[in-house]
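So the chains spell out like this:
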Amino acid sequence: MAEKLTLVVTCTDRKSAQPVDSLRVGNLPAGPLQERASQWREALRKESARTPLRQLYQGDAWTQVLRLEDATRRAGFDPTLLVASAGLGLVSADEEWPAYAATFSPRHADSIGTSGTENKRWWHLMTDGQTNLDDQVTGQTLLVLSETYSSAMADDVNRMGKREDVVVFGGSPDLPTNLRIPADRGLRAALGGTSGSLNLRTATAWVKSLNAPTLVGQRDHDEWRNWVQETRKPESYNRIQMSDADILSFLQDIRRIQPDISKTRALRMLRDAGSACEQKRFSGLFSIAVKDKK
């Protein structure tokens, strides 16, 4: 009998249908977050055109989600696929929902909040205030999260810190280290694809390396560790140079979403976005951005 597994992934920006104007977060009227969330949920309820999420989500990342789901089945699991969505909360991939535009990512026309705190509050509102994911998702659980989405879901994921049957790929460095397998761009040459789907491709490779359908005690198993050591190749980057003004604008946007972000993580986010900045120069600009905010 296959072992039950809950697979949690983040939603994708690319979709097979365009949302109506009322289902674009950027079109919500200004006001308290709770009122905006209530208006959003009412707009979702009223829209009759609906599509199964498996068909609504598109792009390379969603293709990799489905490949990961298939890999878990081949490894002996019986997966239930859930989607962590800024617009919908935590929902089954088999549910039908309208097309929508909402994201926790910064610098986007349909970004939810202007700070990490607002993103967390919105996530709690979208999940009906059930902030304990540990109560909603029991048993073996594999999460593949972006850093921005895991920050919004941090209260939920952190409560899983003592569990031995939970593994998180990617996500924020602030998540419990005993749960997390961080993104490793040195594996991209072997796994292929874009940096945006690297967490999913890594999770699929990891699942394929399991010797049994269980997550307990498997996060850093020998076969996986040896494969990573033999396979990873440091990447050489061809990043775009940015002006001081552009970097300061980037930092202002990021710090609105994550006001306590560290200099090291901010520089990594800048570089992951394909931009270049020497560390000493970035340090000076980061200090300016912090002072300007005070």
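To be clear, the structure that these remarks concern was listed above.
The notes below deal with the structure included here.

How each quantity is defined
Residues numbered from 1 in each chain as written. Predicted model: local features only at pLDDT ≥ 70, side-chain atom pairs only at ≥ 80, totals over all residues. Heavy atoms only, no water. Helix = DSSP H or I, 4+ residues; strand = E, 2+ residues; numbered from the N terminus. Rg over C-alpha atoms; globule rule 2.2 N^0.38 Å. Buried < 20%, exposed > 50% of the residue type's maximum accessible area, 1.4 Å probe, protein only. Contact = heavy atoms within 4.5 Å. Pairing = 2+ DSSP bridges. Phe/Tyr/Trp six-rings, centres within 6.5 Å; stacked < 30°, edge-to-face > 60°. Lys NZ or Arg CZ within 6 Å of the ring centre and 35° of its normal. 1 Å grid on protein atoms, 1.4 Å probe; cavity = no way out; pocket = protein on both sides within 12 Å on 5 of 7 lines; lining within 4 Å. Points joined across faces, edges and corners; volume = space filled by probe spheres on them. Nonpolar A, V, L, I, M, F, W, Y, C, P; charged D, E, K, R; others polar. Polar contact = N/O pair within 3.5 Å; in protein donor to acceptor, adjacent residues only side chain to side chain.

**Overview of the overall build of the protein**
Part 1 of the reasoning: For the protein, the helix and strand inventory stands at 13 helices and ten strands.
Part 2 of the reasoning: Compactness check: the protein gives a C-alpha radius of gyration of 19 Å against a globular reference of 19 Å for 294 residues, within 12% of the reference.
Part 3 of the reasoning: Principal-axis analysis of the C-alpha atoms gives the protein an extent of 55 × 50 × 35 Å.
Part 4 of the reasoning: Considering the protein as a whole, with its 294 residues, one finds that 50% of them fall into the buried category.
Part 5 of the reasoning: Residue pairs in contact within the protein that sit at least 24 positions apart in sequence constitute 70% of those at least 6 positions apart.

**Looking at the pairing of strand β4 (residues 89-92)**
Part 1 of the reasoning: Inspection of the sheet shows strand β3 (residues 77-85) paired to β4 by four bridges, in the antiparallel sense. Bridge pairing in β4 links L82 to S92.

**Topic: the sheet that holds strand β8 (residues 180-181)**
Part 1 of the reasoning: Read from one edge of the open sheet, six strands run β4-β3-β1-β6-β7-β8, paired in mixed fashion. Single-partner strands in this sheet number two, and they are β4 and β8.
Part 2 of the reasoning: For strand β1 (residues 3-10) and β3, the ladder comprises eight bridges, and the chain directions are parallel. The partner of L5 across the bridge, within β3, is P79.

**Points about the packing of aromatic side chains**
Part 1 of the reasoning: Evaluated as defined, the whole model comprises six aromatic pairs.
Part 2 of the reasoning: Their ring planes at 55° and their centres at 5.0 Å tell us that Y57 and W62 sit as a pair that is tilted. Per residue, the accessibility class of Y57 equals that of W62, and both read buried.
Part 3 of the reasoning: Taken together, a centroid distance of 5.4 Å and an interplanar angle of 65° make the contact between F169 and W206 edge-to-face. Here F169, found in strand β7 (residues 166-170), pairs with W206, found in helix α9 (residues 198-208); they are 37 residues apart in sequence, far enough to count as distant.
Part 4 of the reasoning: Among the aromatic side chains, those forming a connected cluster through ring pairs are F104, W123 and Y149.
Part 5 of the reasoning: The cationic tip of K15 hangs over the ring face of Y100; the distance from NZ or CZ to the ring centre is 4.5 Å.

**A look at the layout of surface pockets**
If a probe as big as a water molecule is rolled over the atoms, it shows which places are left empty.
Part 1 of the reasoning: Its boundaries defined by the atoms lining it, the second largest pocket holds a volume of some 330 Å³.
Part 2 of the reasoning: The wall of the second largest pocket is formed by 18 residues, among which G116, K120, S151, D174 and Q258 lie closest to the centre.
Part 3 of the reasoning: If you list the elements that add at least two residues to the lining of the second largest pocket, you get α4 (116-126), α6 (147-152) and α7 (154-158).
Part 4 of the reasoning: Per-element accounting of the lining of the second largest pocket gives the leading share, four residues, to α4.
Part 5 of the reasoning: Within the lining of the second largest pocket, the residues separate by chemical class into six nonpolar, eight polar and four charged.

**Structural notes on the pairing of β7**
Part 1 of the reasoning: Taken across its five residues, β7 has five buried, putting it largely inside the fold.
Part 2 of the reasoning: With five bridges joining them, strand β6 (residues 141-145) and β7 adopt parallel strand pairing. Bridging across to β7, T141 finds its partner in V166.
Part 3 of the reasoning: Relative to β8, β7 runs parallel, the two sharing two bridges. When the bridges of β8 are listed, F169 appears paired with I181.

**Notes on the environment of L251**
Part 1 of the reasoning: Residue position: L251 is located in helix α11 (residues 244-257).
Part 2 of the reasoning: Taking the C-alpha atoms as reference points, L251 and S287, separated by 36 residues in sequence, lie 10 Å from one another.
Part 3 of the reasoning: Discounting residues that sit within four places of it in the chain, L251 has contacts with A266, F282, L285, F286 and A289.

**A closer look at the side chain of S151**
Part 1 of the reasoning: Take S151: it is sitting in helix α6.
Part 2 of the reasoning: From its side chain, S151 meets the backbone oxygen of E147 in a polar contact 3.0 Å long.
Part 3 of the reasoning: Those residues in contact with S151 that lie beyond four places of it in its chain are K120, S172 and Q258.

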